[in-house]
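Architecture at a glance
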Amino acid sequence: MSHVPPSDASFDGLADNYDRTRPRYPSALFQHLVGLLPEAGPPTVVDAGAGTGIALEGVLPHLPADAAVHAVDVSADMIRLGRKKFPEVEWHEGTAEQYLSSCAPGSVHVLVAAQSYQWMDRAAYLREAARCLAPGGVCMVIQNNRDHAAGGFAAEYEDLLEELSPGYSRFYRSFDIADELGAAFSHTERRAAEWHQSLTVEEFVTMSSSSTQAQRAVAAVGPVFYARVRDLCARHAKGGSVEIPYLSEAFYAVRPS
């Protein structure tokens, strides 16, 4: 499994914009996650690569009140904002792989990687996940992908990133998550949801600015990138907003009891 880890400061300074404009996840995908758990004692939950806690917004409402929730991220800036949003969660700075290596075998009941799995040393992550999960525990990978196959605005934005962001490809998450999870846990279930996010032009530019791909484009070509993004938005906006089609995918692997 190849991986392209970001530097520890990849998202530092971007947390507020990231949290304000990044898409959330369909609640039903987290509801299904919690429904897979056996009815036992209070669960221990780990959000791996938690960012500002966007996945926590979706999963916490479905957890029992006595759940022990931990979040780990490499960015101190993301953790700063995450702690403000969820002071009841125990936050840890570092990589998910390092954090899980410190967990006792069988001590975790829910392990979530939301929009972070592609940045990890995936083989090491899954090895530690299999060790740390309790029998009946669930390892979940969830991600939002702009549906560039739909054409239009989403496809043209990917064209722009591929043109101006060095090394970027719209297929950078095109690896078989189900196969990788299945190799570690023997069985994986996939669920998906299609939906749209509506953003004003400025909101979209703000969201774009919070991505590593856009930051690389800005480093390469400067303000030309944002000028091109605004031009693209202007050509597709209706009533001052653009519609971004998304495909949310969730993969669930259960450790055998």
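Quantities reported herein were computed from a predicted structural model and do not represent experimental measurements.

The subject of this paragraph is the overall build of the protein chain. What the protein chain contains, in helices and strands, is 11 helices and seven strands. Taken over C-alpha atoms, the radius of gyration comes to 18 Å for the protein chain, in line with the 18 Å a tight globule of 257 residues would show. Based on the C-alpha atoms only, the size of the protein chain along its principal axes is roughly 55 × 35 × 35 Å. Across the 257 residues in the protein chain, those meeting the buried criterion constitute 53%.

What follows deals with the sheet that holds strand β6 (residues 188-200). If you walk across this open sheet you meet the seven strands as β3-β2-β1-β4-β5-β7-β6, and the pairing is mixed. Two strands in the sheet have a free side with no partner beyond their single neighbour: β3 (90-93) and β6. Direction aside, neighbouring strands of the sheet carry axes that sit 20 degrees apart on average. Pairing analysis gives five bridges linking strand β1 (residues 44-48) to strand β2 (residues 68-73), with the strands arranged parallel.

Turning to the pattern of salt bridges, a few remarks are in order. Tallying each qualifying case throughout the model produces 17 salt bridges. The shortest N-O distance in the salt bridge between R235 and D231 comes to 3.5 Å. Of the two residues, R235 and D231 both sit in helix α11 (residues 224-236), four residues apart, roughly one turn of that helix. Here R235 falls in the exposed class, since its relative accessible area comes to 53%. What makes D231 partly exposed here is its relative accessible area of 42%.

The next subject is the side chain of R170. One can find R170 in the loop between α7 (152-164) and α8 (177-185). Of the polar contacts made by the side chain of R170, one reaches the side chain of D159; its length is 2.4 Å. In terms of polar contacts, R170 uses its side chain to reach the side chain of E162, at 2.9 Å. Apart from the residues lying within four places of it in its own chain, the contact partners of R170 are H148, A155, E158, D159 and E162.

Below, the discussion takes up the packing of aromatic side chains. In this structure the tally under the stated criterion is nine aromatic pairs. Plain terms: the ring middles of W119 and Y172 are 6.4 Å apart, the flat faces sit at 45 degrees to each other, and that makes the pair tilted. Here W119 is found in the loop between β4 (108-114) and α6 (122-132), whereas its partner Y172 is found in the loop between α7 and α8, with 53 residues between them in sequence. The class for Y172 is partly exposed, based on a relative accessible area of 31%. Between W195 and Y246, the aromatic rings sit 5.1 Å apart at their centres with planes inclined by 20 degrees, giving stacked as the arrangement. Note that W195 is positioned in strand β6 and Y246 in strand β7 (residues 241-254), a separation of 51 residues in sequence. Look at W195 and you get partly exposed, because its relative accessible area is 22%. Taken together, Y117, Y125 and F175 form an aromatic cluster joined through their ring pairs. The ring of F175 is capped by R122, whose NZ or CZ atom sits 3.7 Å from the centre of that ring.

It is worth spelling out α11 at this point. Look at α11: 19 Å from first C-alpha to last across 13 residues, which is about the 18 Å you get at 1.5 Å a residue. Listed as buried for α11 are F225, Y226, V229, L232 and C233. Looking straight down α11, one finds that the buried residues subtend no more than 120 degrees of arc, so they occupy a single side. Exposed and oriented more than 90 degrees from the buried face of α11 are A234 and R235. In the core, the buried residues of α11 are packed alongside α7, α9 (201-209), α10 (212-221) and β7.

Parameters and conventions
Residues numbered from 1 in each chain as written. Predicted model: local features only at pLDDT ≥ 70, side-chain atom pairs only at ≥ 80, totals over all residues. Heavy atoms only, no water. Helix = DSSP H or I, 4+ residues; strand = E, 2+ residues; numbered from the N terminus. Rg over C-alpha atoms; globule rule 2.2 N^0.38 Å. Buried < 20%, exposed > 50% of the residue type's maximum accessible area, 1.4 Å probe, protein only. Pairing = 2+ DSSP bridges. Axes fitted to C-alpha atoms, helices over the stretch in contact; angles between N-to-C directions. Salt bridge = Lys/Arg side-chain N within 4 Å of Asp/Glu carboxyl O. Polar contact = N/O pair within 3.5 Å; in protein donor to acceptor, adjacent residues only side chain to side chain. Contact = heavy atoms within 4.5 Å. Phe/Tyr/Trp six-rings, centres within 6.5 Å; stacked < 30°, edge-to-face > 60°. Lys NZ or Arg CZ within 6 Å of the ring centre and 35° of its normal. Expected span 1.5 Å × (residues − 1). Arc of directions from axis to C-beta.

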